[in-house]
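A look at the structure
What follows is each chain in one-letter form.
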Amino acid sequence: MSTHEHEQDGQDAERHLLRDLPPDLPQPRDRFEQICRRVRRRQYRQGLSAGFAGVAAVALLVPAVSHLMTGDDPDAAVAASAPPSCPAKLPGQVPPGSGSVPHSDRLVPVQAPAAAVLCSYKGAADSQAETGTALSGSRQLTGSLEQVAQDLAWLPRKQSDETKMCTMMAGPSTSYLLGLTYPDGVVWVSTVDDPNGCADTTNGTFASPSGTGALAKAAFASGGWSASPGPDDGCDAGLSTGRLGQELAMVPDEPSGLWICDSDAPGDGARREIKDRTRIAQLAKALNGLPASTRPAQCEAASPTREAASARRLRFDYEKGPDLQVTIDPACRPQIDNGARRATLTEQVQNLVEALAAG
Amino acid sequence: MAEPEGFREFVTGRSPALLRTAWMLTGEQQLAEDLLQTALARTWPHWSRIRDSCPERYVRTVMVRVHGAWWRRKWRGELPVERVPEVVLADPSCRVAERFRLGAALRALPVRQRQVVVLRYYEDLSEQETAVHLGCSVGTVKSQAARGLAKLRVALGHPTRTENMT
């Protein structure tokens, strides 16, 4: 209760209510560890800033840095790291990044950003947000941002001749701009949450056909970029968004594991995990040797007259980054599809897959 | 990066109270946690010098200033309004409804008024202490506190009083 003289004239009611106002707030167990990570990031950034400063600049900076390190003015601490600000209106193009963050080889760097802000632009009812749509909300994402890199850094690149088949469902749509802060600068990423999930994800230079609107929507709702629902076992497709390089090779990089799944026959007998890297590499090499194109496959519905051959899904796992899914569907022409490239099934590949599936 | 002696204990012991203050400033659980962690991370390098004086005051000051900096740098989808909109509830006499209205009214205050109200009437700081925290004059604290409180009273349906501005 207050002892200040001038407060005694009837402020108790409001004061009591204010005291009761905060709800029961959860106390995260890893708060101290998160603070440690923030301190490390701040020190890293300060170290980089000092390193890039020229000899002449050092002479100017010494008093300020000295004040930052030795002074106890909280203002000095405030200025160091701020998330980027959301544009007040949805721009026609993704805002250009700042600094020297590479953003032409990947959508975002592989490392976790130091800070992330998510800007939301809600479209009018049943329509997509258009250029000039006012900012409808923004959130600074909290918690670990490792998953941002995991989900976005490995998205495949959209090819110039790539065409996407999209549904035309009506419904509300929200555009998001994700501003990511790194020690080297800032990268902006644009994505859309729409009923058809057909919008690209782009940083203005690197575009991916993979839709990430649902991830952005979930992050905006929770305030953190949590782990996206992944496969609960080797043959659950989960929410695969593809893997960088799948647009160039049927099986990019060096997979470390493989699941062979029978799409038409659920159950324990329908999956097999392969750990023999030599045999996995042999299959990857055979798949990569097939002539492939980016043209969409033509598939026919199953019919009693069609030859009974079940579709298979191959899930290649990697030590870093997301898995890659390759389907082999006898009902399609061509039969093999990794989401970006398609190829005709050969006897050699079929035999390799059957041998691996048989153990 | 050595852990300062006693800092972990301070974080563990005082975070619940500081988090409540952060919630009063931001009105959002996630943002409050982020504000608190930011303030504690910025307190870390200065811990050895402030630990024996009043570290909680220092953290609170950092929180208020970081909160103000966030507010200046980006719009959070909220606009301060001169009059708090009336909230229609099924049972306006119950305490839960009153708290709900107070929370909405607090979030609708301009950021500086909200900071003054939180420090003055939630943290129970004096006008002088509040002025030091906010880096403004005592007169500003008086006027902002009076206006903020008046708006909260209007929202709560409490009779308005003329505050002592001297």
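Residues numbered from 1 in each chain as written. Chains lettered and ligands numbered in written order. Predicted model: local features only at pLDDT ≥ 70, side-chain atom pairs only at ≥ 80, totals over all residues. Heavy atoms only, no water.

Points about the overall build of chain B
- Secondary structure assignment for chain B yields 8 helices and 0 strands.
- Each helix and strand of chain B, ordered N terminal to C terminal, gives the series α-α-α-α-α-α-α-α.
- Taken over 166 residues, chain B has a buried fraction of 57%.
- Taking the contacts inside chain B whose residues are at least 6 apart along the sequence as the reference set, 62% of them involve residues at least 24 apart. (Helix = DSSP H or I, 4+ residues; strand = E, 2+ residues; numbered from the N terminus. Buried < 20%, exposed > 50% of the residue type's maximum accessible area, 1.4 Å probe, protein only. Contact = heavy atoms within 4.5 Å.)

Some remarks on helix α1 (residues 7–26) of chain B
Residues and elements named next belong to chain B.
- With 20 residues, α1 extends just 25 Å between its outermost C-alpha atoms, more than 12% less than the 28 Å of an ideal straight helix rising 1.5 Å per residue.
- At S15, α1 shows its largest bend, some 55°, and a proline, P16, comes one to four positions later.
- Downstream of α1 by one or two residues, G27 has phi in the positive range, about 75°. (Expected span 1.5 Å × (residues − 1). Bend = angle between axes of the 7 residues up to and from the residue.)

Brief notes about unusual backbone geometry
- The step from R333 of chain A to P334 of chain A runs through a cis peptide bond, and the omega angle for that step is -5°.
- By secondary structure assignment, the location of P334 of chain A is in the loop between β14 (332–333) and β15 (336–337).
- Here D253 of chain A, not a glycine, exhibits a phi torsion of approximately 55°, which is positive.
- For D253 of chain A, the position within the fold is in the loop between α6 (213–222) and β8 (257–262).
- We note that D124 of chain B has phi near 65°; this positive angle belongs to a residue other than glycine.
- When you line up the elements, D124 of chain B lands in the loop between α6 (111–122) and α7 (127–134).

Things to note about the sheet that holds strand β12 (residues 312–317) of chain A
All names here are of chain A.
- Read across the sheet, 7 strands follow the order β9-β8-β12-β13-β15-β16-β10 without closing on themselves; strand pairing throughout is antiparallel. A single partner strand is all that each edge strand has here, and the edge strands are β9 (271–274) and β10 (292–293).
- As defined by bridge partners, β8 adjoins β12 across 6 bridges and the pair is classed as antiparallel. Each residue of the ladder has a partner; that of L258, found in β12, is F316.
- Relative to the sheet, helix α7 (residues 277–288) contacts β8, β9, β12 and β15, its axis offset from that of β12 by approximately 115°. (Pairing = 2+ DSSP bridges. Axes fitted to C-alpha atoms, helices over the stretch in contact; angles between N-to-C directions.)

A closer look at the packing of helix α1 (residues 12–20) of chain A against α6 of chain B
- α6 of chain B packs onto α1 of chain A with a crossing angle of 100° between their chain directions and a minimal axis gap of 10 Å. Looking at the two axes, α1 of chain A sits roughly perpendicular to α6 of chain B. For the pair formed by α1 of chain A and α6 of chain B, the contact residues are R15, L18 and R19 of chain A on the first element and V117, R120, Y121 and Y122 of chain B on the second.
- For the contact of α1 of chain A with α6 of chain B, the per-class residue count stands at 4 nonpolar, no polar and 3 charged. (Parallel < 35°, antiparallel > 145°, perpendicular 65-115°, else oblique. Nonpolar A, V, L, I, M, F, W, Y, C, P; charged D, E, K, R; others polar.)

Quick look at the packing of α6 of chain B against helix α8 (residues 138–156) of chain B
Residues and elements named next belong to chain B.
- Two elements in contact, α6 and α8, have axes separated by 8 Å at closest approach and are oriented at 90°. In terms of orientation, α6 and α8 fall into the roughly perpendicular class. In this structure, α6 uses R112, Q113, V116, V117, R120 and Y121 to contact α8, whose residues at the interface are V141, Q144, A145, R147, G148, L149, K151 and L152.
- The residue makeup of the contact of α6 with α8, split by class, is 7 nonpolar, 3 polar and 4 charged.

Quick word on the state of the cysteines
All names here are of chain A.
- In total, this model carries 1 disulfide over all chains according to the counting rule given.
- Bridging C86 to C119, the disulfide has an S-S length of 2.1 Å. Every disulfide takes its handedness from the sign of the S-S torsion; for C86 and C119 that torsion is -85°, giving left-handed. Separated by 33 residues along the polypeptide, C86 in the loop between α4 (74–78) and β1 (98–99) and C119 in strand β2 (residues 115–122) bring together distant segments of the chain.
- On the basis of relative accessibility, which here comes to 12%, the residue C86 falls in the buried class. (Disulfide = S-S within 2.5 Å.)

Some remarks on the side chain of S120 of chain A
- Its place among the elements puts S120 of chain A in strand β2.
- Apart from residues no more than four positions distant in its own chain, S120 of chain A is found in contact with L135, S136, G137, T174, S175, Y176 and F220 of chain A.

A few points about the pairing of strand β4 (residues 174–182) of chain A
Residues and elements named next belong to chain A.
- Counted residue by residue, β4 has 9 buried out of 9 residues, so it is predominantly covered.
- Alternating residues of β4 divide into T174, Y176, L178, L180 and Y182 and S175, L177, G179 and T181, and every residue in both groups is buried.
- Here β2 pairs with β4 via 8 bridges, running antiparallel. Bridge pairing in β4 links A115 to T181.

No statement about biological role is implied by the geometric values presented.
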